[in-house]
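These are the residues of each chain, in order.
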Amino acid sequence: SNLAFHSIMQDRMGFLWIGTENGLHRHDGHSFKVYRNNPNDSTSLFNNWIRDHIVEDFRGDLWMKTGKGICRFDRKTETFQRFPADHPLSNANSIMSNQIIADTANSIWFVQQDDLRPFTSTLVRYNIKRDTCIIFDVPAEIDGFFKEGVTRIAGIDGQSAVLQTYWGGLVRLD
């Protein structure tokens, strides 16, 4: 339905998921099913533009960044959870490209950039089971090294994260 796609992933069940500017497309090897925003349905996709990255969590649900915010696709009900404006995950424009990562401890991790303070980053760990967030401010200087903000999450182990900085350094946050 749209040739421009921004993300593609294969889930543990073998489905291929393609994020486009016109919805989320699931391919089962034979045909496509397309999920789109319906303004009259609060359980539909938040916005049709799937930006950047699709991630599968420990339950098999999918997480994605859309043009209006973060969505979680509940595979059992085939519905979407939209994060409200007061939720720490709602500022999708500040979430960096390819920065939704699932760990093995029931959490999803996000890197957010502060639009008002360039090179200032925040790491958000969202515990799916508890519906709680832990927010880590990433200081611009750590142990005398100027970090200039975070470009991506290089690795996670459930309780801490290793972050890659703009200038190629690594920072471990516990």
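Here, the structure is the one placed above.
No experiment lies behind these values; they were computed from the predicted model shown.

Here we look at the sheet that holds strand E1 (residues 5–10)
Stage number 1. Reading across the sheet, the four strands line up as E1-E2-E3-E4 and stay open at both edges, with antiparallel pairing between neighbours. Of all the strands in the sheet, the pair left with one neighbour each is E1 and strand E4 (32–35). The mean inter-strand angle of the sheet, taken between neighbouring strand axes irrespective of direction, is 20 degrees.
Stage number 2. As paired elements, strand E3 (residues 23–27) and E4 share four bridges and run antiparallel to each other. Opposite histidine 27, over in E4, you have phenylalanine 32 as the bridge partner.

With respect to the environment of tryptophan 63
Stage number 1. Position of tryptophan 63 relative to the elements: it lies in strand E6 (residues 62–66).
Stage number 2. Note on tryptophan 63: relative accessible area 0%, which makes it buried.
Stage number 3. The sequence separation of tryptophan 63 and isoleucine 108 amounts to 45 residues, and the corresponding C-alpha distance is 8.6 Å.

Comments concerning unusual backbone geometry
Stage number 1. Here glutamate 78, not a glycine, exhibits a phi torsion of approximately 55 degrees, which is positive.
Stage number 2. Turning to its location among the elements, glutamate 78 is positioned in the loop between strand E7 (70–74) and strand E8 (79–82).
Stage number 3. The exposure class assigned to glutamate 78 is partly exposed, which follows from its relative accessible area of 32%.
Stage number 4. Phi at aspartate 131 is positive, roughly 55 degrees, even though this residue is not glycine.
Stage number 5. As for its placement among the helices and strands, aspartate 131 is situated in the loop between strand E11 (121–127) and strand E12 (132–138).

Thoughts on the packing of aromatic side chains
Stage number 1. Per the counting criterion, the structure on display carries six aromatic pairs.
Stage number 2. Ring geometry for tryptophan 63 against tyrosine 126: centres 5.6 Å apart, planes inclined by 65 degrees, an arrangement best described as edge-to-face. Taken as a pair, tryptophan 63 in strand E6 and tyrosine 126 in strand E11 lie far apart in primary sequence, 63 residues in all.
Stage number 3. The structure contains a cluster of three or more aromatic residues connected by ring pairs, namely Trp17, Tyr35, Phe73 and Phe80.
Stage number 4. Residue placement shows arginine 26 over the ring face of phenylalanine 15; its charged tip is 4.7 Å from the ring centre.

Definitions and limits used
Residues numbered from 1 in each chain as written. Predicted model: local features only at pLDDT ≥ 70, side-chain atom pairs only at ≥ 80, totals over all residues. Heavy atoms only, no water. Pairing = 2+ DSSP bridges. Helix = DSSP H or I, 4+ residues; strand = E, 2+ residues; numbered from the N terminus. Axes fitted to C-alpha atoms, helices over the stretch in contact; angles between N-to-C directions. Buried < 20%, exposed > 50% of the residue type's maximum accessible area, 1.4 Å probe, protein only. Phe/Tyr/Trp six-rings, centres within 6.5 Å; stacked < 30°, edge-to-face > 60°. Lys NZ or Arg CZ within 6 Å of the ring centre and 35° of its normal.

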